[in-house]
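# Per-entry structural report
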Amino acid sequence: MKSLAKRKDSLADPKNQLALFNSGIFANGELPTFKQKVSETNQFPLKPTKLEIFQVNVGYMCNQVCSHCHVDAGPDRKEIMTTETMQLCLNKLKESGATTLDLTGGAPEMNPNFRWFVEEASKIGVQDFIVRSNLTILRANKKYYDLPEFFKKHNVHVVSSLPFYKRGKTDKQRGDGVFDASIEALKELNKVGYGVEGSGLKLDLVFNPSGAFLPGNQSELEKEFKTALLEDFGITFNNLFAITNLPVSRFLEFLVASENYEDYMDELVDAYNPSAVENVMCKNTISVDWNGYLYDCDFNQQLDLKVATTGKHLSDFDAQALQKRNIIVSQHCYGCTAGEGSSCQGVVA
Amino acid sequence: MQKTYYDPKDLKDFGKISEWDQELGDKFFEYYGKVFEEGALTAREKSLIALAVSHTVQCAYCIDAYTSDGLKRGLEREEMMEAVHVAAAIKSGATLVHGVQMMKKYDKLSM
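Reference entry: report on the structure contained in this document. Keep in mind that this is a model prediction, so the values were computed, not measured. (Residues numbered from 1 in each chain as written. Chains lettered and ligands numbered in written order. Predicted model: local features only at pLDDT ≥ 70, side-chain atom pairs only at ≥ 80, totals over all residues.)

### Re the overall build of chain A
Broken down by element type, chain A carries 15 helices and eight strands. Principal-axis analysis of the C-alpha atoms places the extent of chain A at approximately 55 × 45 × 40 Å. Scored against the burial criterion, the 349 residues of chain A give a buried share of 49%. When contacts within chain A are restricted to residue pairs at least 6 apart in sequence, those whose partners lie at least 24 apart make up 74%. (Helix = DSSP H or I, 4+ residues; strand = E, 2+ residues; numbered from the N terminus. Buried ≥ 20, exposed ≤ 12 C-beta atoms within 10 Å, placed from the backbone. Contact = placed C-beta atoms within 7 Å.)

This is how it looks when you write it as C-alpha cells:
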C-alpha cells in the first residue's frame, strides 16, 4: 500500500478533506457542525490553557503504511525535520516553559537526526520526554536494535502503538508481521526495564479501534491487554491509552470508500461530551511540523490548519500571542470529544 | 409513507420509550444498565451473551447494537460467530427435542 500522497489521491490535499467536512450532512443541517455544537454549551471559541506539551512531528517517513494513519505516513514520504529546525524547537521549548516534549512522526526513529535530537533534548531536562514508537521499527534493521538502551540512557518515556493483543486485528490494521515484530520489540523494551515495576522507565501502549467504531472503556481494555500480554508473552507495561480514530487522511479515505463516513460522523456527534471539551489536548499543546510550522494539534497539522496567530512558524514563536489565540476547529474535532474523549494521552473525561 | 417496518435510526430513539411512561421506562433502563455492569461475568462476556440472544430473538436493533458493542470491546469475528452458532444450536435443538413428544404421541395413538 502507498500513501495517499504517492497515489495522488484527492484526499491527499487537505483542502479536499476540509471541503468534505463542510458539505453533505454538515451542510444540509442533518448534523450540527462542531462549531455549532460547542456553541450550544458556550464553549466556543476554544481557548488555550497553560502550554504544557510541545509535540514535535519530526517527519512523515515510516516503515509501516497503516490503514488508519491520520498522518498518511509511509516509506514513500520524504518530509524530514533538519537539525536546524530541531535546534529551533529546543530553543522555543525552553522559552515556552512547556514541561513535556513529545516526539512523533511517521516513525521518528527514521529521521537521521533523531538520535542527535534526543541527546540534545535530554539535556534540557523536561519533566516528561516522550517518543512515540510504532514498535516494529525497533526490530526493522540492526541499526535500530540498540534503541531500547538508547531510550533508557536518555530517560525517554516510550509510548507505543499496539492495536490489539492478538495477531489478527493488529496485522489487518498495520500489515502482515506487525504483531510478531511488535511483541519482539516489547520484549526487548521489557528486557532493559521499560514497563517493569520499580524501574522508573515508562512504557505506555496506545490502542485504537480497527474500524469505524469508537474505542471501548479504557480501563477495561487496559486490564484485558495486561492480562493477555502477560499470560501469552510475559510482557508488562504501564498504561494503555484508548484513542479514537479521527476522520483525517487515510482513516477518512477508509470511511468514504467503505461508505461508513456518514454513520461514523453521526456516531461521533451522538457521543459528543461537553466535559471532554474542557480537556481536549489542543488546549495545552502546540504541534510543530517537520518544517517548523505551528498547529493546534497533529490533526490540524495534517489538515494544514496553522495556528491562528501572526507567528505561524517557530522562527516567529510568540508564547503570549499563542496563549491568546482561538483554536481552529472543524468536524474532525468531534473525534476528540466523543464519549470519554480522546487525546494523545488517552481519555480526557 | 414508511416503506419498511424497521428504521435503524429508531435504535437511537430507544430512550424516548420513557416519554410515555417515565416511571416504567426509568426502571427498565436502570435495570438494563445494572445487568450489563461487570459482575461475576465480565462486561465482555455479557456482551457476547447479548449478541447470541439477539440472534435467537431475531432483534435487528439488538444485533446492530451488540455487533458494534463487541467490536468496541475487542471481540473477534471467530468469538462472535461461535456465539451465534451456540444460539442457533440451542434454537434448533429446542425445535428438534419436541420431536420426542411428537414420536411418543404418534406411537401412543397408532395400532
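### Here we look at the overall build of chain B
Along chain B, the regular secondary structure elements total four helices and zero strands. Here the C-alpha radius of gyration of chain B, 19 Å, is well above what a compact globule of 111 residues would show, namely 13 Å. Referenced to the eigenvectors of the C-alpha coordinate spread, the extents of chain B come out at roughly 60 × 40 × 30 Å. By residue count, 11% of the 111 residues in chain B fall in the buried class. Taking the intrachain contacts of chain B between residues at least 6 apart in sequence as the baseline, contacts between residues at least 24 apart amount to 57%. (Rg over C-alpha atoms; globule rule 2.2 N^0.38 Å.)

### A look at the pairing of strand β4 (residues 157–161) of chain A
Residue and element names in this part refer to chain A. With respect to burial, β4 is a largely interior element, five of its five residues being buried. Neither face of β4 is open: one carries His157, Val159 and Ser161, the other Val158 and Ser160, and all of them are buried. As paired elements, strand β3 (residues 128–133) and β4 share four bridges and run parallel to each other. Bridge assignment links Ser133 to a residue of β4, and that residue is Ser160. Crossover handedness for the path β3 to helix α6 (residues 147–153) to β4: right-handed. In this sheet, strand β5 (residues 203–207) lies alongside β4 in parallel orientation, the contact comprising four bridges. Bridge assignment links Ser160 to a residue of β5, and that residue is Leu205. (Pairing = 2+ DSSP bridges. Right-handed = clockwise from strand over helix to strand, strands pointing away.)

### Notes on the interface of chain A and chain B
If you look at the interface, chain A gives 13 residues, while chain B gives eight residues. Secondary-structure elements contributing two or more residues to the side of chain A that touches chain B are α7 (167–174) and α9 (218–233) of chain A. For the side of chain A that touches chain B, the leading source of residues is α9(A), giving three residues. When the residues that make up the side of chain A that touches chain B are grouped by side-chain class, the tally is five nonpolar, three polar and five charged. (Nonpolar A, V, L, I, M, F, W, Y, C, P; charged D, E, K, R; others polar.)

### Concerning the environment of Leu31(A)
Residues and elements named next belong to chain A. Relative to the elements of secondary structure, Leu31 occurs in the loop between α2 (14–21) and α3 (34–40). Separated by 235 residues in the primary sequence, Leu31 and Asp266 have C-alpha atoms spaced 7.2 Å apart. Not counting the four nearest positions on each side in its chain, Leu31 is found in contact with Ile25, Phe26, Met265, Asp266 and Val269.

### A few points about the packing of helix α4 (residues 83–96) of chain A against helix α5 (residues 114–124) of chain A
When two helices pack together, their arrangement is given by the angle between the helix axes and by the axis-to-axis distance. All names here are of chain A. At a minimum axis separation of 11 Å, α4 and α5 run at an interaxial angle of 15 degrees. Classified by the interaxial angle, the pair formed by α4 and α5 is roughly parallel. Where α4 crosses over α5, the handedness of that crossing is right-handed. Contact residues: Thr83, Met86, Leu90, Leu93 and Lys94 in α4; Trp116, Phe117, Glu120, Ala121 and Ile124 in α5. Tallied by class, residues from the contact of α4 with α5 come to seven nonpolar, one polar and two charged. (Axes fitted to C-alpha atoms, helices over the stretch in contact; angles between N-to-C directions. Parallel < 35°, antiparallel > 145°, perpendicular 65-115°, else oblique. Left-handed = near helix turned anticlockwise from the far one by under 90°.)

### Remarks on the sheet that holds β3(A)
Residues and elements named next belong to chain A. Read across the sheet, eight strands follow the order β6-β5-β4-β3-β2-β1-β7-β8 without closing on themselves; strand pairing throughout is mixed. Here the strands that pair on one side only, and so sit at the sheet edges, are β6 (240–242) and β8 (294–295). The pairing of strand β1 (residues 53–57) with strand β2 (residues 100–104) spans five bridges and is classified as parallel. By the bridge assignment for β2, Val56 is matched with Leu103.

### Some details on the pairing of β1(A)
Residues and elements named next belong to chain A. Burial of β1 is extensive: five of the five residues sit out of reach of the surface. Judged by which residues are buried, β1 turns out to be covered on both faces: Ile53, Gln55 and Asn57 on one side and Phe54 and Val56 on the other are all buried. As for the winding sense of the linkage, the β-α-β connection from β1 through α4 to β2 is right-handed. Pairing analysis gives four bridges linking β1 to strand β7 (residues 285–288), with the strands arranged parallel. Across the sheet, Phe54 pairs through a bridge with Ile286, a residue of β7.

### Looking at the nonpolar core
Residue and element names in this part refer to chain A. Residues Phe54 and Val158 are the most contacted members of the largest nonpolar core, which totals 100 residues. Of the residues forming this core, the biggest block, seven residues, is contributed by helix α8 (residues 178–191). Among all residues touching Phe54, those that are not within four sequence positions of it are Leu93, Ser96, Ala98, Thr100, Leu101, Asp102, Ile286 and Val288. (Core = buried A, V, L, I, M, F, W, Y, C linked by C-beta atoms within 7 Å.)

### With respect to the packing of α7(A) against α8(A)
Residue and element names in this part refer to chain A. The interhelical angle for the contact between α7 and α8, taken along N-to-C directions, is 110 degrees, at an axis separation of 8 Å. Judged on the interaxial angle alone, α8 and α7 are roughly perpendicular. On the side of α7, the interface is formed by Arg167, Thr170, Asp171 and Arg174, while α8 contributes Val178, Phe179 and Ser182. Across the contact of α7 with α8, the residue classes tally to two nonpolar, two polar and three charged.

### Some details on the environment of Pro14(A)
All names here are of chain A. Inspection of the secondary structure assignment puts Pro14 in helix α2. Once the C-alpha coordinates of Pro14 and Gln301 are considered, the two residues, 287 residues apart in sequence, prove to be 9.6 Å apart. Leaving out residues up to four positions away in the same chain, Pro14 has contacts with Gln302, Leu303 and Asp304.

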